[in-house]
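Here are the chains, one letter per residue:
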Amino acid sequence: MADKLKVLLQYLIPQHGISLLMGKIAESKNPTIKNTFAKWFIKKYGIDMSLAERENPEDYETFNDFFTRSLKPELRPIAEGEDVLVNPADGKISQRGKIEEGFIFQAKGHRFSAKTLLGGDAELAKPFENGEFATIYLSPKDYHRVHMPVTGKLTRMLHVPGKLFSVNPLTARNVPNLFARNERVVAMFDTDIGPVAMVLVGATIVGSIETVWEGTITPPTRDEIKVWDYDGKDICLNKGDEMGRFKLGSTVVLLFPENTVSWEKGMKANASTIMGTPLASKS
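Residues numbered from 1 in each chain as written. Predicted model: local features only at pLDDT ≥ 70, side-chain atom pairs only at ≥ 80, totals over all residues. Heavy atoms only, no water.

Undergrad: What is the right way to read the nonpolar core from this model?
TA: Generally speaking, nonpolar side chains in soluble globular proteins are found buried as a group. Membership of the largest hydrophobic core comes to 36 residues, with the highest contact counts inside it found for Phe189, Trp213, Met243 and Phe256. Contributing elements (two or more residues each) for this core: β5 (132-138), β7 (152-160), β8 (184-191), β9 (194-201), β14 (242-247), β15 (250-256), β16 (261-263) and β18 (278-282). Leaving out residues up to four positions away in the same chain, Phe189 has contacts with Met148, Gly152, Lys153, Leu154, Thr155, Gly194, Pro195, Val196, Met198, Trp213, Leu237 and Met243. Residues Leu117, Leu118, Leu124 and Val199 belong to the second largest nonpolar core, which totals 23 residues. (Core = buried A, V, L, I, M, F, W, Y, C linked by side-chain atoms within 4.5 Å. Buried < 20%, exposed > 50% of the residue type's maximum accessible area, 1.4 Å probe, protein only. Helix = DSSP H or I, 4+ residues; strand = E, 2+ residues; numbered from the N terminus. Contact = heavy atoms within 4.5 Å.)

Undergrad: Would you mind going over the sheet that holds β18 with me for this structure?
TA: Sheet strands pair by backbone hydrogen bonding; their relative direction is either parallel or antiparallel. Taken together, three strands build an open sheet; the order of strands is β1-β18-β16 and the sheet is antiparallel. Edge positions in the sheet fall to β1 (84-86) and β16, since each of these pairs with one other strand and no more. Within the sheet, the average angular offset between the axes of one strand and its neighbour, ignoring direction, is 35 degrees. Here β16 pairs with β18 via three bridges, running antiparallel. Each residue of the ladder has a partner; that of Val261, found in β18, is Lys282. (Pairing = 2+ DSSP bridges. Axes fitted to C-alpha atoms, helices over the stretch in contact; angles between N-to-C directions.)

Undergrad: Honestly, the side chain of Asn182 in this entry has me stumped. Any pointers?
TA: Summarising the element assignment, Asn182 is placed in the loop between α7 (169-174) and β8. Look at Asn182 and you get buried, because its relative accessible area is 0%. Side-chain polar atoms of Asn182 contact the backbone oxygen of Gly202, separated by 2.9 Å. (Polar contact = N/O pair within 3.5 Å; in protein donor to acceptor, adjacent residues only side chain to side chain.)

Undergrad: Would you mind going over unusual backbone geometry with me for this structure?
TA: Among all residues save glycine, negative phi is the norm, and among peptide bonds the norm is trans. Even without a glycine there, the phi angle at Glu101 is positive, about 50 degrees. The class for Glu101 is exposed, based on a relative accessible area of 65%. Residue Asn259 is not a glycine yet carries a positive backbone phi of 60 degrees. Mapped onto the elements of the fold, Asn259 is located in the loop between β15 and β16. Accessibility expressed as a relative area gives 61% for Asn259, which makes it exposed.

Undergrad: What is the right way to look at the pattern of salt bridges in this model?
TA: Should the charged atoms of two oppositely charged side chains come close, the side chains can pair. By the definition in use, this model includes 10 salt bridges. Across the pair Asp192 and Lys282 runs a salt bridge whose closest N-O atoms are separated by 2.7 Å. You can see Asp192 sitting in the loop between β8 and β9 and its partner Lys282 sitting in strand β18, a full 90 residues away along the chain. Beyond isolated ion pairs, a larger network of salt bridges with shared partners links Arg145, Glu242 and Arg245. (Salt bridge = Lys/Arg side-chain N within 4 Å of Asp/Glu carboxyl O.)

Undergrad: Just to check I follow, could you spell out helix α3 (residues 31-45) for this structure?
TA: Owing to its 3.6 residues per turn, the α-helix brings residues three or four apart onto one side. With 15 residues, α3 ought to run about 21 Å at 1.5 Å a step, and its terminal C-alpha atoms sit 21 Å apart, in line with that. Listed in full, the buried residues belonging to α3 are Lys34, Asn35, Ala38, Phe41 and Ile42. Taken around the axis of α3, the buried residues stretch over an arc of 130 degrees, which confines them to a single face. Across α3 from its buried face, at more than 90 degrees, point the exposed residues Thr32, Thr36 and Lys43. (Expected span 1.5 Å × (residues − 1). Arc of directions from axis to C-beta.)

Undergrad: Whenever I open this one, the sheet that holds strand β10 (residues 208-211) confuses me. Can you help?
TA: One open sheet accounts for four strands, arranged β6-β14-β10-β11; its pairing is antiparallel. This sheet does not close on itself; its edge strands, each paired only once, are β6 (145-147) and β11 (215-218). Across the sheet, the mean angle separating the axes of adjacent strands is 25 degrees when strand polarity is ignored. Inspection of the sheet shows β6 paired to β14 by three bridges, in the antiparallel sense. What sits directly across from His147, in β14, is Glu242.

This is the structure in structure tokens:
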């Protein structure tokens, strides 16, 4: 009953209003606000600050600066090998596997379409019709920068408006079409295995989603899908390069074409991920 109430509450609350309010608080430079919030967060979620480049939480300008903290680079080496694809983030695999006739498994009794996830664009979704996917959940305690699993050239980006449900496992089990329903940023890359989609999914109290090439994408929210076309630009990112970040926790969905990747042993549902470690190999 308690779980049902938690899910029901998400339908009732003003999701975007709460997220905007929390975003403003998280950008406050007031020392009392930012330091108190950061220290409470560290204690509540057991965050190991020895991993961070700046170990003292008071050294950050805002809570968002703390939340998107960089790690000591030697702690996240990028797996070598031209055929190796790496985990894009610290987190946990919610689900991964085959895209069956364009549909992606979310949880028992729930699946959603790759076409809807990619903003309803049939041409974008076509290469992934029987491909592979991985959904990686970043909890509040995790490192919140997202990196490239494979070297690629950016071709297109979409901001798709939507809801802001939580993306934790409880909500994934109970809210239909969750990841194709929430607000999200879709980044498309050309790679040596074909097109690869990286979808950064927003969630309740996610203050913003950013990319390294455009900065803050959301907020503001929009009523219509916005598309950026990069065909005339040479934006290339190497495997392991940072591509974006979340201000508060969320989810990344990766899409690969059919017969292009073989999953690393152990990289299955509920497995922990560490950015830069092997996720799959090129088929």
